[in-house]
Amino acid sequence: MEIQTIRKTPEARSAAQLPDPDGARAGFSWEQAREMLDGLPGGGLNIAHEAVDRHARGAGATRPALIWLGRDGDRREITYARLADDASRFAGVLARHGLGPGDRLYLLAGRVPELYTAALGALRAGLAVTPLFAAFGPEPIRMRMEIGAANVLVTTAALYRRKVAEWRTELPSLKLVIVIDDAAPEGCAAWTTEMAAAQKLEDCAATDPEDTALIHFTSGTTGRPKGVIHVHQAVLAHALTGRYALELAPGVRYWCTADPGWVTGTSYGLISPLVNGATMIVDEAEFDVARWYRILDEEAVEVWYTAPTAIRRLMRAGKKAAAGHDFTKLRHLASVGEPLNPEGVVWGEEVFGRPFHDTWWQTETGAIMIANTAAMDIQPGSMGKPLPGITAGILRRTDDDALEECGPGETGELALRPGWPSMMRGYLGEEARYRKAFDEGWYLSGDLAQRDTEGFFWFVGRADDLIKSAGHLIGPFEVESALMEHPAVAEAAVIGLPDETAGEVVRAYVALNPGHEPSADLEQDIRGLARKRLGPAVAPREVSFRDNLPKTRSGKIMRRLLKARELGLPEGDTSTLETEDKPAPTPQGGTA
Ligand code: WT7
């Protein structure tokens, strides 16, 4: 299908928050953008103050900050004043337990109002906040709480019993568990009791812009998950990118479908909309075609930020599923997390009368870096252009290991010039790994991309073995480790295979220990163990048996070769591999 450039009308252009992205970039400075924020006396900065307190004390007090749609049909409107009040009270709960700056609070819950209160309250009290995905199994949760030496956990009684209780005593740093329920399991405190007993913490903690505010976990190809450190200063990038890339403004009715267990759901499902004074729609329920169309219509959503997987699922349901709804309030549609197919962009136009605007960023960048803004013409399939304040490049390595910029249309690694406010400040406890992400004054993203002659960026793929499934970044190593715990498994390799809806699905290959034979029962048993430990979002969909797995001379499993074989692609090109990664000689005709 031939897909044409989508041109914006003069009206759309002049209505946009950022009229001319290329021109705006030239005259931009982060210093000047600081005007979007309030700040604390004495040069301090606190995300919760910027997100709620200042609106609650001003014209925004009675404006809904959050419209919560319960799974079973409840609907609650929470104003900025109310949210600020609840958050100060929760900050008081933490203070009463002697918790404050330097302590780390973890969140593990579905999209319930208390989750938002807890995140903001903790930031206000000066704690660092780490959201966890509630669909994780016990293993990823334990691992992440261990790496971050969690001090407080806010969760529900059900999640606590299923995923935390059995190993809780093995985590000595964990002093307090608060469950979002009226009654608490043994060793936990109940939300309602705690909130009733606490005094509001009147003053926001006097945090410095460079104090840690958020730690988001992301996966690496090898080793443990990485705790990406973000500071309060990041709020400047949340504020600005929300305005420019998502058209957020006071009172705008905005729906971000991402779960706050991931960085999108925090940066753009909590901080950015509130800092911009918008009204967030929060739906507790999972994806559902009819429900989503109803929400867009009945809640009169104006700006919608979602993901390609969801867009593809809506497309699959057919245009008829959208019939009879009124989407005329929708002004801006945006997407993130995985490649957005050109067909998805165009489909947005057909069903909502607006194209989807792709945006690109990562856990490490903390905020949107590259985007199709409202005023820009869209080249469907392109991620757009760098936002003001962001310099992006496409780099390749020369023979003597230096970096050089690629020409238009050439594929290289997407890189950014450090210095934007929401850039990660480190990987928790892993200085060497952090330093490796930077070279010659660039931050190296690990993505492969191209830039065309007009300055648009196009995603090509990952430069490493990370898997993107339904927008979630999955580290193969973490999955392989869980598989290896099965007594029958000798070796495991995990790759992502293309999938029409999820983008990629997790596929595992295992070689068995002596005395075990491949069988459907064994496959199910291994898969079951992985699911139980890792949770359904991370566990492999399918496990295949192999006599042995392809390895390098140094014994590293060659996931890419496995993938090439599975997809029937040429195996020959190992040029992207490091020297030590050259394949080990395989026996003639071997099918390893
Ligand atoms: C990786 C980052 C996006 C923030 C939340 C997820 C992939 C992201 C796009 C896009 C193609 C994309 C990249 C990136 N990705 N946006 N518009 N087109 N790929 O953050 O979990 O750290 O994932 O998601 O591979 O590196 P994350």
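Now for the domain arrangement of the protein. We note that the domain assignment places domain 1 (10-451) and domain 2 (466-547) within the protein. Measuring from the centre of the C-alpha atoms in domain 1 to the corresponding centre in domain 2 gives 29 Å. Between domain 1 and domain 2, the contact holds 22 residues from the first and 22 residues from the second. Summed over both sides, the interface of domain 1 with domain 2 buries roughly 1,700 Å², with 56% coming from carbon and sulfur. Counting the contacts that link domain 1 with domain 2 gives two salt bridges. Taking the shortest distance from any N to any O, the salt bridge between Glu139 and Arg533 comes out at 3.5 Å. One can count 10 residue pairs in polar contact (both at pLDDT 80 or more) joining domain 1 with domain 2. Within the residue set of the side of domain 1 that touches domain 2, elements represented by two or more residues are α7 (138-147) and α13 (308-317).

What follows covers the sheet that holds strand β27 (residues 503-512). Strand order in the open sheet formed by three strands is β26-β27-β28, with mixed pairing between adjacent strands. Sheet topology places β26 (489-499) and β28 (542-545) at the edges, where each strand pairs with a single neighbour. Each neighbouring strand pair of the sheet contributes to a mean axis angle of 30 degrees, computed without reference to strand direction. Sheet analysis places β27 next to β28, joined by four bridges and oriented parallel. When the bridges of β28 are listed, Tyr509 appears paired with Ser544.

Turning our attention to the nonpolar core. In terms of nonpolar packing, the biggest core is built from 101 residues, with Phe90, Leu105, Leu274 and Tyr305 touching the most fellow members. Once residues within four sequence positions are removed from consideration, Phe90 is found in contact with Leu105, Thr117, Ala118, Gly121, Ala122, Val154, Ile178, Trp191 and Met195. Core analysis: the next-biggest nonpolar cluster, separate from the first, contains 49 residues, Ala150, Leu159, Val494 and Val538 among them.

For the rest of this paragraph, the subject is unusual backbone geometry. Phi is positive for Ala300, which is not a glycine, with a value near 50 degrees. Even without a glycine there, the phi angle at Glu440 is positive, about 45 degrees. Owing to a relative accessible area of 43%, Glu440 belongs among the partly exposed residues under this scheme.

Okay, the site of the ligand next. The local shell around the ligand holds 19 residues, among which Thr359, Gln362, Thr363, Arg462 and Lys468 are the closest. Separating a nitrogen atom of the ligand from a backbone N or O atom of Gly337 is a distance of 3.3 Å. When the free accessible area of the ligand is taken as 550 Å², the share hidden by the protein chains comes to 97%. Among the secondary structure elements, those contributing two or more residues to the shell around the ligand are α11 (263-275), β14 (356-360) and β23 (457-462). Take the shell around the ligand: its biggest share by element is three residues, from β14.

As a further point, take the side chain of Asn372. Its place among the elements puts Asn372 in the loop between β15 (370-371) and β16 (385-386). By relative accessible area, Asn372 is classed as buried at 0%. Of note is the side chain of Asn372, whose polar atom sits 3.3 Å from the backbone oxygen of Met383. Here Asn372 is in contact with His332, His357, Asp358, Ile378, Ser382, Met383, Gly384 and Phe456, once residues within four sequence places are set aside.

About the cut-offs
Residues numbered from 1 in each chain as written. Predicted model: local features only at pLDDT ≥ 70, side-chain atom pairs only at ≥ 80, totals over all residues. Heavy atoms only, no water. Domains from an automatic or database assignment. Contact = heavy atoms within 4.5 Å. Buried area = accessible area lost by both parts, 1.4 Å probe. Salt bridge = Lys/Arg side-chain N within 4 Å of Asp/Glu carboxyl O. Polar contact = N/O pair within 3.5 Å; in protein donor to acceptor, adjacent residues only side chain to side chain. Helix = DSSP H or I, 4+ residues; strand = E, 2+ residues; numbered from the N terminus. Pairing = 2+ DSSP bridges. Axes fitted to C-alpha atoms, helices over the stretch in contact; angles between N-to-C directions. Core = buried A, V, L, I, M, F, W, Y, C linked by side-chain atoms within 4.5 Å. Buried < 20%, exposed > 50% of the residue type's maximum accessible area, 1.4 Å probe, protein only. Near = heavy atom within 4 Å. Areas by Shrake-Rupley, 256 points an atom, 1.4 Å probe, with all protein chains shown as cover.

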